[in-house]
Amino acid sequence: MPGTPANSAITRSTLSRQIADALRDEVLAGRLQPGQEFTVKQIAEQYGVSATPVREALVELCAQGLLDSDQHRGFRVHRFSVADYRAMVEARMLVVDGIFRRHTPRERAPLPEPDAGIGVVLVSIRRRGEAAARAARAGDLDVLIGYDLRYWHELGRLVARNEPIADFLHRLRVQAWVFSVPYLRAERELHGWLWSGHVELIDAVTRGDAEAAVGVVRAYNAHSLEWADRLEARLSR
């Protein structure tokens, strides 16, 4: 049938995306550790699927910087360094600061007006932010990561009004979590190290107060860099 090849490709693409999402969740949860190796065959057997969508999923995760590919040994989870983490924080700081600065009174582009459509998006982002903040205060990493990623991705799309920028920031945030998770899980006391300013930020955006939003984001990034300094000092002992 003429439609069969296209339908097959769509199905394979959907399966590949599902596998990539599942493996990314495994990495974010810390069940796949930095440096851990595996093959296409192992993953295919684990999920009970053919090799083709698995290979596509692994190649996609390599493109996202989460996996490394070795022609002879298969794939392994990428091992980020503290320096990598600092670079991620600094990169997102520059981009996000620039996005919000574009919306300050000195510039021509205001923050999005809260019309009916945007109002629904703001409510959705705020709910995710509230859930993320609660999880951060409770030290629940598993809940926090999911809500935090969705919160920032939706907020990035709304404020940046630029899908490639929003996707770039999302990729940086995933990588930052992949680096952080193993160390955060080893912390005896997470209180104070998990940022919980999500609601404060979305409230500033809702008010159209770009200056306040910049202040929240800068404080958040300073908090992240402080944690990196503390971690590096501990690792160097």
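Basis of the calculations
Residues numbered from 1 in each chain as written. Predicted model: local features only at pLDDT ≥ 70, side-chain atom pairs only at ≥ 80, totals over all residues. Heavy atoms only, no water. Pairing = 2+ DSSP bridges. Helix = DSSP H or I, 4+ residues; strand = E, 2+ residues; numbered from the N terminus. Contact = heavy atoms within 4.5 Å. Axes fitted to C-alpha atoms, helices over the stretch in contact; angles between N-to-C directions. Phe/Tyr/Trp six-rings, centres within 6.5 Å; stacked < 30°, edge-to-face > 60°. Buried < 20%, exposed > 50% of the residue type's maximum accessible area, 1.4 Å probe, protein only. 1 Å grid on protein atoms, 1.4 Å probe; cavity = no way out; pocket = protein on both sides within 12 Å on 5 of 7 lines; lining within 4 Å. Points joined across faces, edges and corners; volume = space filled by probe spheres on them. Nonpolar A, V, L, I, M, F, W, Y, C, P; charged D, E, K, R; others polar. Salt bridge = Lys/Arg side-chain N within 4 Å of Asp/Glu carboxyl O. Parallel < 35°, antiparallel > 145°, perpendicular 65-115°, else oblique. Left-handed = near helix turned anticlockwise from the far one by under 90°. Polar contact = N/O pair within 3.5 Å; in protein donor to acceptor, adjacent residues only side chain to side chain.

**Some details on the sheet that holds strand 3 (residues 74–77)**
Sheet strands line up and pair through hydrogen bonds in the backbone, either parallel or antiparallel. Here 3 strands make up an open sheet; going across it, the order is 1-3-2 and the pairing antiparallel. Either end of the sheet is taken by a strand with one partner, and the two such strands are strand 1 (37–38) and strand 2 (67–70). One ladder, built from 2 bridges, connects strand 1 with strand 3; its direction is antiparallel. Residue pairing in the sheet places E37 in a bridge with R76 of strand 3. Along the sheet face, helix 3 (residues 51–63) touches strand 1, strand 2 and strand 3 and points at about 120 degrees away from the line of strand 2.

**Things to note about the packing of aromatic side chains**
Any two aromatic rings considered together are summarised by their centre-to-centre distance and by the angle between their planes. With the rule as written, the count across this model stands at 8 aromatic pairs. With centroids separated by 5.5 Å and ring planes inclined at 85 degrees, the aromatic side chains of Y151 and W152 adopt a geometry described as edge-to-face. The buried category is assigned to Y151, whose relative accessible area is 0%. The interplanar angle of 20 degrees and the centroid separation of 5.7 Å between the aromatic rings of W152 and Y220 together place this pair among those described as stacked. Highlighted residues: W152 in helix 6 (residues 141–160) and Y220 in helix 9 (residues 210–235), separated in sequence by 68 residues. A single burial state applies to W152 and to Y220, both of which are buried.

**Describing the layout of surface pockets**
By volume, the largest pocket amounts to about 350 Å³. Together, 15 residues line the largest pocket, and D25, L28, G146, L149 and R150 are the ones closest to its centre. For the lining of the largest pocket, the secondary structure elements donating two or more residues are helix 1 (4–28), helix 6 and helix 7 (163–186). Considering each element in turn, the lining of the largest pocket owes the most residues, 7 residues, to helix 6. Its residues assigned to classes, the lining of the largest pocket shows 5 nonpolar, 3 polar and 7 charged. Considering only enclosed or pocket space, the second largest pocket measures out at about 170 Å³ in volume. Counting residues per element, the lining of the second largest pocket draws most heavily on helix 7, which supplies 5 residues. Along the lines of polarity and charge, the residues of the lining of the second largest pocket split into 2 nonpolar, 4 polar and 4 charged.

**Quick look at the pattern of salt bridges**
Within the structure shown, the criterion is met by 16 salt bridges. A salt bridge links R230 to E187; its shortest N-O distance comes to 2.8 Å. Taken together, the residues span a long stretch of sequence, with R230 in helix 9 and E187 in the loop between helix 7 and helix 8 (198–207) at a distance of 43 residues. According to the relative accessible area criterion, E187 is buried, its value standing at 10%. Within this structure, R86, D229 and E232 form a network of salt bridges that share partners.

**Points about the packing of helix 8 against helix 9**
Look at helix 8 against helix 9: their axes get within 8 Å of each other, and the N-to-C directions meet at 160 degrees. The angle between the axes of helix 8 and helix 9 places the two elements in the roughly antiparallel class. Regarding helix 8 and helix 9, the two cross each other, and that crossing is left-handed. Of helix 9, the residues touching helix 8 (which contributes E200, L201, A204 and R207) are A212, A213, V216 and V217. Split by residue class, the contact of helix 8 with helix 9 holds 6 nonpolar, no polar and 2 charged.

**Things to note about the side chain of R173**
One can find R173 in helix 7. Residue classification places R173 among the buried positions, given a relative accessible area of 7%. Engagement of the side chain of R173 in a polar contact is seen with the side chain of Y220, the distance being 2.9 Å. Apart from residues lying up to four places away in sequence, R173 is in contact with R92, D148, L149, W152 and Y220.

Shape descriptors only; they carry no functional weight alone.
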